[in-house]
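A closer look at the structure
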Amino acid sequence: ENVRGLLNHNGGQTIQVMKDVLQDIGYNVLEPRVLKAINYRVPQKRERLFLIAIRHDLDTSKFSFPYPYPKTYVLKDALKKSELYDSNVPKESGQTYPKRKKEILSMVPQGGYWRDLPIDIQKEYMKKSFYLGGGKTGMARRMSWEEPSLTLTCAPAQKQTERCHPDETRPFTVREYARIQTFPDQWTFA
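Here's a quick rundown of the structure. (Residues numbered from 1 in each chain as written. Predicted model: local features only at pLDDT ≥ 70, side-chain atom pairs only at ≥ 80, totals over all residues. Heavy atoms only, no water.)

Attention now moves to the overall build of the protein chain. Helix and strand counts for the protein chain stand at five helices and six strands. When the helices and strands of the protein chain are read in sequence order from the N terminus, they spell out α-β-β-β-β-β-α-α-α-β-α. With the principal axes as the frame, the protein chain shows a C-alpha extent of 60 × 45 × 35 Å. Counting every position in the protein chain, which comprises 190 residues, the buried fraction comes to 37%. Taking the contacts inside the protein chain whose residues are at least 6 apart along the sequence as the reference set, 58% of them involve residues at least 24 apart. Of the roughly 11300 Å² of accessible surface on the protein chain, 53% is carried by carbon and sulfur atoms. The protein chain carries 31 positive and 22 negative side-chain charges, and their two centres are separated by 5 Å. (Helix = DSSP H or I, 4+ residues; strand = E, 2+ residues; numbered from the N terminus. Buried < 20%, exposed > 50% of the residue type's maximum accessible area, 1.4 Å probe, protein only. Contact = heavy atoms within 4.5 Å. Areas by Shrake-Rupley, 256 points an atom, 1.4 Å probe, with all protein chains shown as cover. Lys, Arg positive; Asp, Glu negative; His and termini not counted. Charge placed at Lys NZ, Arg CZ, Asp CG, Glu CD.)

Let's shift gears to the environment of Leu84. Mapped onto the elements of the fold, Leu84 is located in the loop between α2 (75-79) and α3 (99-105). Linking Leu84 and Val34, residues 50 residues apart in sequence, is a C-alpha distance of 24 Å. What Leu84 contacts, discounting residues up to four positions off in sequence, is Arg41, Pro43, Tyr73, Asp77 and Ala78.

Before going further, it helps to spend a moment on unusual backbone geometry. Most peptide bonds adopt trans geometry, and most residues besides glycine take a negative phi value. The phi torsion at Lys127 lies on the positive side, around 55°, for a residue other than glycine. Considering the arrangement of structural elements, one finds Lys127 in the loop between α4 (119-126) and β6 (149-150).

A complete count under the given rule lists eight aromatic pairs for this structure. Plain terms: the ring middles of Phe63 and Phe65 are 5.1 Å apart, the flat faces sit at 80° to each other, and that makes the pair edge-to-face. For Phe63, a relative accessible area of 30% translates into the label partly exposed. A relative accessible area of 11% means that Phe65 is categorised as buried. (Phe/Tyr/Trp six-rings, centres within 6.5 Å; stacked < 30°, edge-to-face > 60°.)

On the secondary structure map, Arg100 appears in helix α3. As for Arg100 and Tyr125, which are separated by 25 residues in sequence, their C-alpha atoms are 9.5 Å apart. One polar contact links Arg100 to Glu124, side chain to side chain, over a distance of 2.7 Å. (Polar contact = N/O pair within 3.5 Å; in protein donor to acceptor, adjacent residues only side chain to side chain.)

Quick look at a nonpolar patch on the surface now. A contiguous nonpolar surface patch, about 270 Å² in accessible area, is contributed by Val17, Val21 and Ile25. Residue placement: Val21 occurs in helix α1 (residues 13-24). Judged by its relative accessible area of 43%, Val21 falls in the partly exposed class. (Patch = residues over 30% accessible without salt bridge, like charges linked within 9 Å, V, L, I, M, F, W, Y side chains within 5 Å. Salt bridge = Lys/Arg side-chain N within 4 Å of Asp/Glu carboxyl O.)

With that settled, consider the pattern of salt bridges. Pairing between side chains becomes possible if they bear opposite charge and their charged atoms approach one another. Taken as a whole and assessed by the stated rule, the structure comprises 15 salt bridges. Between Lys36 and Glu47 there is a salt bridge, with the nearest N and O atoms lying 3.7 Å from each other. You can see Lys36 sitting in strand β2 (residues 33-36) and its partner Glu47 sitting in strand β4 (residues 47-50), a full eleven residues away along the chain. The partly exposed category is assigned to Lys36, whose relative accessible area is 39%.

Another point: the nonpolar core. General note: in soluble globular proteins, nonpolar side chains tend to be found buried as a group. Core analysis: the largest hydrophobic core is formed by 14 residues, its most contacted members being Trp114, Leu117, Met126 and Ala140. Contributing elements (two or more residues each) for this core: α3 and α4. Sorting elements by how many residues they give to this core places α4 first, with three residues. Here Leu117 is in contact with Ile104, Met107, Val108 and Gln122, once residues within four sequence places are set aside. (Core = buried A, V, L, I, M, F, W, Y, C linked by side-chain atoms within 4.5 Å.)

Take α4 next. Turning to α4, its buried residues are Ile121, Gln122, Tyr125 and Met126. An end-on view of α4 places all buried positions within 115° of arc, on one side of the element. Check the buried side of α4 and you find it contacts α3. Immediately beyond the C-terminal end of α4, within one or two residues, lies Lys127, with a positive phi of roughly 55°. (Arc of directions from axis to C-beta.)

So, in structure tokens, the structure goes:
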């Protein structure tokens, strides 16, 4: 399991070497496939490449990729009582933003990002990045209850991959991250 960019890394040679090595050590390698979490009851826009290798002595026809689920879940399905969870997300403390960052993110509307800020605030927040190309849509990003979450990263308050709570001006908590990834509430991270 890896990022979809692995398919094209080094002109496709990296994935081919991986497949060749797996075959050399005794595995049949199925064609890699990119799966989107939102198609499998996970309210997160996360795409991952899956490479399946099955030992030569086993029947590869017994494996099949899962079929997509017909419904797409959104953030409120993860954090509020819904078909996914029988209660609202348990409350817990988490990270907070520095004072100025919180002031700036409080101006971002639900579902919005840095381009929704006044131009002088955009320049202050983005600094030199303001003048560079690209959308930078993860920066100063406030999630929406009505959409799946963007791909979660290991740092909930990192500037380039901001994931601000839809209503409260703060990063998501560990338990909220877990819910968005559909871990059960009893799951303990060690």
